[in-house]
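Architecture and fold: a report
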Amino acid sequence: MKVHSLHYYPLKSARVIDVAEADIQAWGLAGDRRYMVVDPAGMFITQRELQALAQVTAAEREGVLRLAKVGEADPVEATFDAARRMPVEVWNSRVTAAVADDATNDTLGRWLGRPVRLVHADAETRRACSAEWAGEGIETGFADGYPVLVTTTGSLRLLNEATMEAGADMFGMERFRPNIVVDHPEPFAEDFWAAIEIGGIRFDLVKPCARCIMTTQDQLTGERGGPDPMPAMRKLRMSMDRRVPGVLFGWNAVPRATGRIRRDDAVSVLAKRERGWPIRAR
């Protein structure tokens, strides 16, 4: 069993960056979801509401965030001042974040067709994960709830097999926006993993990931109506535990150390969840 691929998303809900190796920090992969688009009141915005975010690429280099969008000739470089802040909300977490310069916000608003602000989870931002699931003192940036999302190739394969049996088209792992994809043939073996080790770093798999309409969106265009994972997930992955309702794919994880991991690194199971996670029978 090994790491199949590694991914991070500098701007929440925007395009992915695929990497061969990644530094693991307390908040997850270095640079992952440290930036976010919000409305003028500070409420987070994702592809669920604004599909055009899928057409935005963000890349940070030497402390500067460079943004580009399909169909726009000129990229923009965002600057932030730690003293220029605003309160923001992401999934019921309320924190403060640094706000981008006015020119960047105006450009993003024009690109996206509505007034927005670009914000940065900097050193002053403190966003706690749920202690019930992750333990005390665990923080993250602007990820949905936890530092790392883990998926497996075998699980994707089974979903695609069920989809093709129903006469529909296949889809890729990009629909699920993971950080670490593990190459493992057994579908949903990860339901039984309590902890794994990669590159000497322990990752505790703390909570399954409930999936939403974003899995139905093309991750290059934001469009819906193409290959759809939802029917297969409703058939195979409906949670029977009310604490995490809905369809599940992937596990939220917490790194218990820092370091570097690489594609093709060995993955070992350190602890098991003997009963797995309750899933409705087909």
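Every value quoted in this text rests on a predicted model; they were computed, and no experiment measured them. (Residues numbered from 1 in each chain as written. Predicted model: local features only at pLDDT ≥ 70, side-chain atom pairs only at ≥ 80, totals over all residues. Heavy atoms only, no water.)

**Concerning the sheet that holds strand S6 (residues 56-61)**
Spelled out, the test is: Two strands are said to pair when DSSP picks up at least two bridges between them. Put simply, DSSP H or I for four residues or longer makes a helix, DSSP E for two residues or longer makes a strand, and each gets a number counted from the N terminus. Between the N-to-C directions of two axes lies an angle of 0 to 180 degrees, each axis being a line fitted to C-alpha atoms and, for a helix, fitted only over the stretch in contact. Working rule for contacts: check all heavy atoms of both residues, and any pair within 4.5 Å makes them a contact.
Strands sit in the order S6-S7-S8 across an open sheet of three strands; the sheet is antiparallel. If you trace the sheet from one side to the other, it starts and ends with S6 and strand S8 (76-78), each paired once. Geometrically, the sheet is characterised by an average inter-axis angle of 25° between neighbouring strands, direction not taken into account. Sheet topology places S6 next to strand S7 (residues 64-69); six bridges connect them, and they run antiparallel. Residue pairing for S7: valine 56 is matched across the bridge by lysine 69. Here helix H1 (residues 102-112) sits on the sheet and contacts S6, S7 and S8; the angle it forms with S7, its principal contact strand, is near 25°.

**Observations concerning the layout of surface pockets**
Definition in use: For cavity detection a 1 Å grid was placed over the protein atoms alone, and a set of points counts as a cavity when a 1.4 Å probe fits there but cannot get out; an open set counts as a pocket when protein lies on both sides within 12 Å along at least five of seven lines, with lining residues being those that have an atom within 4 Å of a point. Grid points are joined across faces, edges and corners, and a volume is the space filled by probe spheres set on the points. All residues other than Ala, Val, Leu, Ile, Met, Phe, Trp, Tyr, Cys, Pro, Asp, Glu, Lys and Arg, Gly among them, are scored as polar; the first ten of these are nonpolar and the last four charged.
Estimates place the volume of the largest pocket at around 770 Å³. Taken together, 34 residues line the largest pocket, and the ones lying closest to its centre are Trp91, Asp144, Gly145, Cys209 and Ala210. Breaking the lining of the largest pocket down by element, the ones donating at least two residues are strand S12 (148-152) and strand S15 (201-210). When residues in the lining of the largest pocket are grouped by element, the largest group, four residues, is from S15. Classifying every residue of the lining of the largest pocket gives 16 nonpolar, eight polar and 10 charged. If you go around the second largest pocket, you meet 14 residues; those closest to its centre are His7, Asp18, Met173, Glu174 and Pro178. At three residues, strand S1 (residues 2-8) tops the list of elements feeding residues into the lining of the second largest pocket. Its residues placed into classes, the lining of the second largest pocket shows five nonpolar, five polar and four charged.

**Topic: the nonpolar core**
Short version of the rule: We define the nonpolar core as a collection of buried residues of types Ala, Val, Leu, Ile, Met, Phe, Trp, Tyr and Cys that are connected through side-chain atoms lying within 4.5 Å of one another. When a residue's accessible area, from a 1.4 Å probe over protein chains only, is under 20% of the maximum for its type it is buried; when over 50% it is exposed; and in between it is partly exposed.
Leu6, Val148, Ile180, Ile196, Ile198, Phe203 and Ile261 are the most contacted members of the largest nonpolar core, which has 32 residues in total. Listing elements by their share of this core, those giving two or more residues are S1, strand S3 (21-25), helix H2 (131-134), S12, strand S13 (180-183), strand S14 (193-198), S15 and strand S16 (248-255). In this structure, leucine 6 is in contact with Ile17, Asp18, Val19, Ala20, Glu21, Ala22, Asn179, Ile180, Ile261, Arg262 and Arg263, ignoring residues within four places of it in sequence.

**Some words on unusual backbone geometry**
For serine 13, which is not a glycine, the phi torsion comes out positive at approximately 75°. Unlike most non-glycine residues, phenylalanine 188 shows phi in positive territory, near 60°. As for its position among the elements, phenylalanine 188 is in the loop between S13 and S14.

**Here's the deal with the packing of aromatic side chains**
What counts is decided by this rule: Note on aromatic contacts: the rings of Phe and Tyr and the six-membered ring of Trp form a pair at centre separations within 6.5 Å, being stacked when their planes are under 30 degrees apart, edge-to-face when over 60 apart, and tilted otherwise.
For the structure shown, the criterion picks out seven aromatic pairs. Relative to tryptophan 277, the ring of tryptophan 133 has its centre 6.3 Å away and its plane inclined at 45°; by these criteria the two rings are tilted. With a gap of 144 residues between them, tryptophan 133 in helix H2 and tryptophan 277 in the segment after strand S18 (267-272) connect regions that are remote in the sequence. The exposure class of tryptophan 277 is buried, given its relative accessible area of 9%. By way of ring pairs, the aromatic residues Phe171, Phe176, Phe188 and Phe249 are connected into one cluster.

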